[in-house]
Amino acid sequence: MSDREPPRRRVPGPARPARSGGGRRPGPGARPARRPGPPRPAPPRLIRLGNPRPRLRLVGVAFTLVLIAFVVRLFQVQAVDASTYAAKAERNRYVGQVLAAERGEITDRNGIALATSEDAYDITADPTMFAPDELKIADGPEQAAALLAPILGQEQETLVRKLRPKNKNLRYVKLAGRQTPQVWKQIKDLKSALATKADQDKSAVNVLAGVFSVPTSKRVYPNGDLAAGILGWVNGEDKAGGGVELQLNKQLAGKDGKIRYAQSGGRLVPTAGGSTETPAVPGSDVELTIDRDIQWAAQNAITEQVKKSKADRGYVIVQDTRTGQILAMANSPGFDPNDLSDAQPEALGNAALQDAYEPGSTAKVMSMAAVLEENAATPMTHVVVPNRLHRGDRLFKDDVDHPTWYLTLNGVLAKSSNIGTILATGQLGKTQRQANKVLYDYLRRFGLGSYTGLGFPGETKGILAPPDQWSTSQQYTIPFGQGVSINAMQAASVYSTIANGGVRVEPTLVRGTKGPDGRFTPAPKPKKTRVISEKTATTLARMLESVVDDEEGTGTKARIPGYRVAGKTGTANRVDPATGKYHGYTSSFAGFAPADKPRVTVYCAIQNATEGSYFGGQICGPIYKQVMEFALKTLQVPPTGAAPARLPVTFKP
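Right, let's walk through the structure included here. (Residues numbered from 1 in each chain as written. Predicted model: local features only at pLDDT ≥ 70, side-chain atom pairs only at ≥ 80, totals over all residues. Heavy atoms only, no water.)

Another aspect to go through is the overall build of the protein. A tally of helices and strands in the protein yields 20 helices and 24 strands. Per-residue burial for the protein yields a buried fraction of 46% across its 653 residues. Across the protein, every contact between residues at least 6 apart in sequence was considered, and the portion connecting residues at least 24 apart equals 73%. As displayed, the protein has an accessible area near 35200 Å², and 52% of this comes from carbon and sulfur atoms. (Helix = DSSP H or I, 4+ residues; strand = E, 2+ residues; numbered from the N terminus. Buried < 20%, exposed > 50% of the residue type's maximum accessible area, 1.4 Å probe, protein only. Contact = heavy atoms within 4.5 Å. Areas by Shrake-Rupley, 256 points an atom, 1.4 Å probe, with all protein chains shown as cover.)

Enumeration over the complete set of coordinates arrives at 21 salt bridges. K174 is the partner of D122 in a salt bridge, and the nearest nitrogen-oxygen pair spans 3.5 Å. With D122 in strand β3 (residues 113–125) and K174 in strand β4 (residues 173–179), the pair connects residues that are 52 residues apart, well separated along the chain. Here D122 falls in the buried class, since its relative accessible area comes to 6%. D401 serves as the salt-bridge partner of R388, at 3.0 Å between the closest nitrogen and oxygen. (Salt bridge = Lys/Arg side-chain N within 4 Å of Asp/Glu carboxyl O.)

To continue, consider the packing of helix α12 (residues 364–373) against helix α14 (residues 418–425). Here α12 crosses α14 at 30°, and the two axes come no closer than 10 Å. By the angle class used here, α12 and α14 are roughly parallel. Classified by chirality, the crossing of α14 by α12 is left-handed. Listed contacts from α14 to K364, S367, M368 and V371 of α12 are N418, T421, A424 and T425. (Axes fitted to C-alpha atoms, helices over the stretch in contact; angles between N-to-C directions. Parallel < 35°, antiparallel > 145°, perpendicular 65-115°, else oblique. Left-handed = near helix turned anticlockwise from the far one by under 90°.)

On to the sheet that holds strand β24 (residues 600–607). Strands sit in the order β13-β12-β24-β23-β22 across an open sheet of 5 strands; the sheet is antiparallel. With one partner strand each, in any of the chains shown, β13 (326–332) and β22 (566–575) form the two edges of the open sheet. Averaged over all pairs of adjacent strands, the angle between strand axes in this sheet comes to 10°, irrespective of strand direction. One ladder, built from 6 bridges, connects strand β12 (residues 313–320) with β13; its direction is antiparallel. Looking at β13, one finds that Q319 is bridged to I326. With respect to the sheet, helix α17 (residues 488–499) is in contact with β12, β13, β22, β23 (582–593) and β24, its orientation differing from that of β12 by roughly 30°. (Pairing = 2+ DSSP bridges.)

Let's shift gears to the pairing of β24. Taking burial as the measure, the 8 residues of β24 include 8 buried ones, the bulk of the element. Going residue by residue along β24, you find V600, V602, C604 and I606 tucked away on one face and T601, Y603, A605 and Q607 tucked away on the opposite face as well. Inspection of the sheet shows β12 paired to β24 by 8 bridges, in the antiparallel sense. The residue bridging R313 from the neighbouring strand is Q607, located in β24. In sequence, β23 turns back onto β24 through a hairpin of 6 residues.

Counting residues in each nonpolar core, the largest one holds 91 residues, and the members touching the most others are V244, L288, M329, F446, L448 and L540. Listed in part, the 31 residues of the second largest apolar core include A311, V602, M628 and L632. (Core = buried A, V, L, I, M, F, W, Y, C linked by side-chain atoms within 4.5 Å.)

Bringing a nonpolar patch on the surface into the picture now. Residues V61, L65, I68 and V72 make up a contiguous nonpolar surface patch of about 370 Å² in total accessible area. Here V61 lies in helix α1 (residues 53–80). (Patch = residues over 30% accessible without salt bridge, like charges linked within 9 Å, V, L, I, M, F, W, Y side chains within 5 Å.)

Attention now moves to helix α10 (residues 292–309). Given a rise of 1.5 Å per residue, 18 residues ought to cover 26 Å, and the 26 Å separating the end C-alpha atoms of α10 matches this to within 8%. Along its buried surface, α10 packs onto α7 (228–231), β12, β13, β24, α19 (616–619) and α20 (621–634). Sitting at the head of α10, D291 places a side-chain oxygen 3.0 Å from the backbone nitrogen of D293. Phi turns positive one or two residues past the end of α10, at K310, with a value near 50°. (Expected span 1.5 Å × (residues − 1). Polar contact = N/O pair within 3.5 Å; in protein donor to acceptor, adjacent residues only side chain to side chain.)

To continue, consider the side chain of R171. Locating R171 in the fold gives a position in the loop between α5 (156–163) and β4. At 3.2 Å, the side chain of R171 and the side chain of T128 are in polar contact.

Attention shifts here to the packing of aromatic side chains. Applying the stated criterion to the full structure yields 10 aromatic pairs. On the numbers, 5.8 Å between centres and 85° between planes, the contact of Y406 with F651 is edge-to-face. Here the residue Y406 occupies a position in strand β17 (residues 405–408), and F651 occupies one in the segment after α20, the gap between them amounting to 245 residues. A residue is classified by how much of its surface remains accessible, and Y406, at 32% relative accessible area, is partly exposed. An aromatic cluster of three or more residues is present, and its members are F396, Y476 and F480. The ring of W405 is capped by K415, whose NZ or CZ atom sits 4.6 Å from the centre of that ring. The ring of Y442 has R445 sitting right over it, with the charged end atom 4.5 Å from the ring centre. (Phe/Tyr/Trp six-rings, centres within 6.5 Å; stacked < 30°, edge-to-face > 60°. Lys NZ or Arg CZ within 6 Å of the ring centre and 35° of its normal.)

Below you can see the structure in the form of structure tokens.
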């Protein structure tokens, strides 16, 4: 109704009475005037509708403004910001994941698996699918974590933090890696049951809709702790730790692939376009020089002796003297790479390559090699050995008190005389300083103070100071193996060098690799270096026989019926790693067989034996015999049948 009313229509009212004296009187016959009655009520007031046109115009304007806003927004979405929204939709629709490459196998020289991979699954999740606006509940991560925690063996709080990350746009988290197919089947069955319930009951929620799996593999070591020090391990995150696994990780690991797929509601959309996949490239297989059976024999023997002697640790190395290939490298205590939770921290790694220690009398063979090679003496040279010898600032003695010994140079080695060795190496130069220089050169040629060539993680090169830095006492202790440090592989290599006619072959642990195409690539040939002449090496081999074969030798427990055995005992003062002072002993035995046609070198060392004997000939000699017998039998090495040289040990003054 408009603000302005229409003009009123006049309505006739009742006749007014005549004014008194102001009009005519009614004449005869006229009707008498009517008396005024009650006033008639006014007729109802008529209401007219207002003009609708202004209102319609206002509504029209409002609708026009709304339509303009929609058009502008639509133009912005479809034209101005089209690419941005398309990309955002693409990100929300497509999920990308890494396809883990299958790790290559590690086998022994006969193709027996030492490390392999089994099918496994990474359990993953899309955190955005656990958001309240997605699940329509506030505690989606908590409910999902409560279901997953007992299956995955994790704390519920840990899973909640992964499912509710600080980054609200995060689309991928790994809940657990390298899970068995049985674990994923449990989760998948539970997920399916929840999905079925949600389809039947609209109020139910599938809190596991955002949980997925990615096929991968899990590292398995089928022989348990066998050769663990060589192999190393791979953890649950597929990270290599130590050993060949770390050293050759690039070849073993292969190259991961990628997959990008469409998903909706936690399900794969197979017909959606845009899905892509880059296949993973499997890693190469690595074939080691190790013989599994010989490795087992060595590991079993050293483990039993370490327990029996209540020692800190021990190691055994078996090497092919001709090729330098390592047939076994055993450590005790060891560890199971399948489960590191029970492993002792000090047992992880490879102590045979990582421990540096003073070798003791097994190093005397290098002093004798220098004396023979320099023509300073022969095996028959007479050496008078007193009970005590004063040199420099010390009074030296042998491991036992004795009257004056009348030994040949061969006897000095057979009876492992420290004093006799000092006297013999003193002939290497006109002065002690010159003798030191000559001996140092030979020690270096044998590989002391240098890495072995294996390239193994954590390997030590030992300690060999230059001769001008030798202390007064070191000038006389280094010839019999104190004041210089080596690792077990270096010690074994010294004896393999003598067994190989004086030529040092760098030790090798890998025979070759086999790529995904099945093609085998041999490892590079090892470096060879002549250290001493073949004549000197042959003479040393005969002298080493006296250590084992002669009744006055210190290595009689290493005898092997039917075979000629060359070897040397060692019992050295040991530096305690905790205090840096001498405490306890390093017991060792090194040798090769057959002595006249060498094929196998065995080296054994035990650190800090605290029960029973600590002499190398007593506790390491039997290990040498046990492992050497097994290796000769495994490799089918026949006895030569030749009689031993039997060089004299003593002489009559």
